[in-house]
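Analysis of the macromolecular model
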Amino acid sequence: MKRLALPEPRLAGKVTVEGALRERRSVRRFASEALTLDEIAQLLWSVQGVTGTGGERTTPSAGGLYPLQMYVAAARVEGLEEGVYRYRVDRHDLEPVAEGDVRIKLAAASHGVEWVDSAPVVLAIGGVVQRTAIKYGARARRYVYIEVGCAAENLYLQAQSLGLGGVLVGAFDDQEVSDILKLREGEEAMALMPVGRPRQ
Ligand SMILES: Cc1cc2nc3c(=O)[nH]c(=O)nc-3n(C[C@H](O)[C@H](O)[C@H](O)COP(=O)(O)O)c2cc1C
C-alpha cells in the first residue's frame, strides 16, 4: 500500500443545496458497483477540505481547532487497494494505515448490521477531544460532537449530490472500531458512514 494523492475536488455540481436537502435519505442497501477515486476525494473534501487561506475547512470548527480526523475503510474503490487509510487534510491525500478489507470486522463491531459490510467503502469520523479542550475545557466534548454532526451532514449532502448514499452509524463498540481502524493515541471513533450507490 502506498500514499496516494487524491484528485482535486470539483467545485460545481448538478444538484442544488436545496435539491440535496429535499432528496436526502439514509441509504442502507448498496449496489455492488465500485466507487471511483474522484468520488472518494470529493466526499473527503466535503468533510475536511481546506477552503480558506487561514486553513479553514468545509466543516465549521469551534475556535478553528479542527479536532476531526477522517479514515477510509476501502473495499471496492477503483484505483485504491483494499485497506484502511487516513485522510491528510493539508496534502489532500491518503496515508495507508492497515491492509485488507475490514468491513466484516467493522460490521461485527456495529451489532452485525449488513449495511456496514455491504457498502463499497466505509468512511469513519474520528475526533480528538483534547485538541478542543486546550481552549474550551469541559465544553470540548460537546463541541466535538456538534462538529461530527456538521461533518456528517456535509457527507450526506455531498453523497446525495454525487448520486451516492449512505447512513450515519453511531451504534458501535468504540474500542473495537478504534482498534480495527488503528486510530492514533487521543483519537476516538465518533461515527461511521458506509457509502455506495443506492440499490434500487
Ligand atoms: C447521531 C445519529 C446516529 C445514528 N445512528 C444510526 C445507526 O447506528 N444505525 C442506523 O441504521 N442509522 C443510524 N442513524 C440514521 C437514522 O436512523 C436516520 O437518520 C433516521 O432514521 C432518519 O432517516 P433519514 O436519514 O433517511 O432522513 C443515525 C443518525 C444520527 C443523526
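An account of the accompanying structure is given in this report. (Residues numbered from 1 in each chain as written. Predicted model: local features only at pLDDT ≥ 70, side-chain atom pairs only at ≥ 80, totals over all residues. Heavy atoms only, no water.)

A few words on the packing of helix 2 (residues 37–48) against helix 6 (residues 140–161). Where helix 2 meets helix 6, the axes come as close as 8 Å, and the angle between the chain directions of the two elements is 145°. Where helix 2 crosses over helix 6, the two elements pack in a sense that is right-handed. Judged by residue contacts, Gln42, Leu43, Trp45, Ser46 and Val47 of helix 2 engage Ala151, Asn154, Leu155, Gln158 and Ala159 from helix 6. Of the residues in the contact of helix 2 with helix 6, the class split is 6 nonpolar, 4 polar and no charged. (Axes fitted to C-alpha atoms, helices over the stretch in contact; angles between N-to-C directions. Helix = DSSP H or I, 4+ residues; strand = E, 2+ residues; numbered from the N terminus. Left-handed = near helix turned anticlockwise from the far one by under 90°. Contact = heavy atoms within 4.5 Å. Nonpolar A, V, L, I, M, F, W, Y, C, P; charged D, E, K, R; others polar.)

Our focus in this paragraph is a negative patch on the surface. Together, Asp173, Asp174, Glu176 and Asp179 make up a negatively charged patch on the protein surface. On the accessibility criterion, Asp174 (47% relative accessible area) is partly exposed. (Patch = residues over 30% accessible without salt bridge, like charges linked within 9 Å, V, L, I, M, F, W, Y side chains within 5 Å. Areas by Shrake-Rupley, 256 points an atom, 1.4 Å probe, with all protein chains shown as cover. Salt bridge = Lys/Arg side-chain N within 4 Å of Asp/Glu carboxyl O. Lys, Arg positive; Asp, Glu negative; His and termini not counted. Charge placed at Lys NZ, Arg CZ, Asp CG, Glu CD. Buried < 20%, exposed > 50% of the residue type's maximum accessible area, 1.4 Å probe, protein only.)

Moving on: helix 6. Counted at 1.5 Å a residue, the expected span for helix 6 with its 22 residues is 32 Å, and the 32 Å between its end C-alpha atoms agrees. Three or more residues of helix 6 are buried, namely Ala140, Val144, Glu147, Val148, Ala151, Ala152, Leu155, Tyr156, Leu157, Gln158 and Ala159. Taken from the residues just after helix 6, Gly163 is the one with a positive phi, measuring 80°. (Expected span 1.5 Å × (residues − 1).)

With that settled, consider unusual backbone geometry. A positive phi angle, near 50°, is found at Tyr66, a position not held by glycine. As for its placement among the helices and strands, Tyr66 is situated in the loop between helix 2 and strand 2 (68–74). Unusually for a residue other than glycine, His111 sits at a positive phi of about 60°. Mapped onto the secondary structure, His111 falls in the loop between helix 3 (103–108) and helix 4 (114–118). Residue classification places His111 among the exposed positions, given a relative accessible area of 64%.

Another point: the layout of surface pockets. Counted as a void, the largest pocket has a volume near 360 Å³. Lining the largest pocket are 15 residues, with Val17, Trp45, Leu157, Gln158 and Ser161 sitting closest to its centre. Of all the secondary structure elements, the ones that give two or more residues to the lining of the largest pocket are helix 1 (17–23), helix 2 and helix 6. Sorting elements by how many residues they give to the lining of the largest pocket places helix 6 first, with 4 residues. (1 Å grid on protein atoms, 1.4 Å probe; cavity = no way out; pocket = protein on both sides within 12 Å on 5 of 7 lines; lining within 4 Å. Points joined across faces, edges and corners; volume = space filled by probe spheres on them.)

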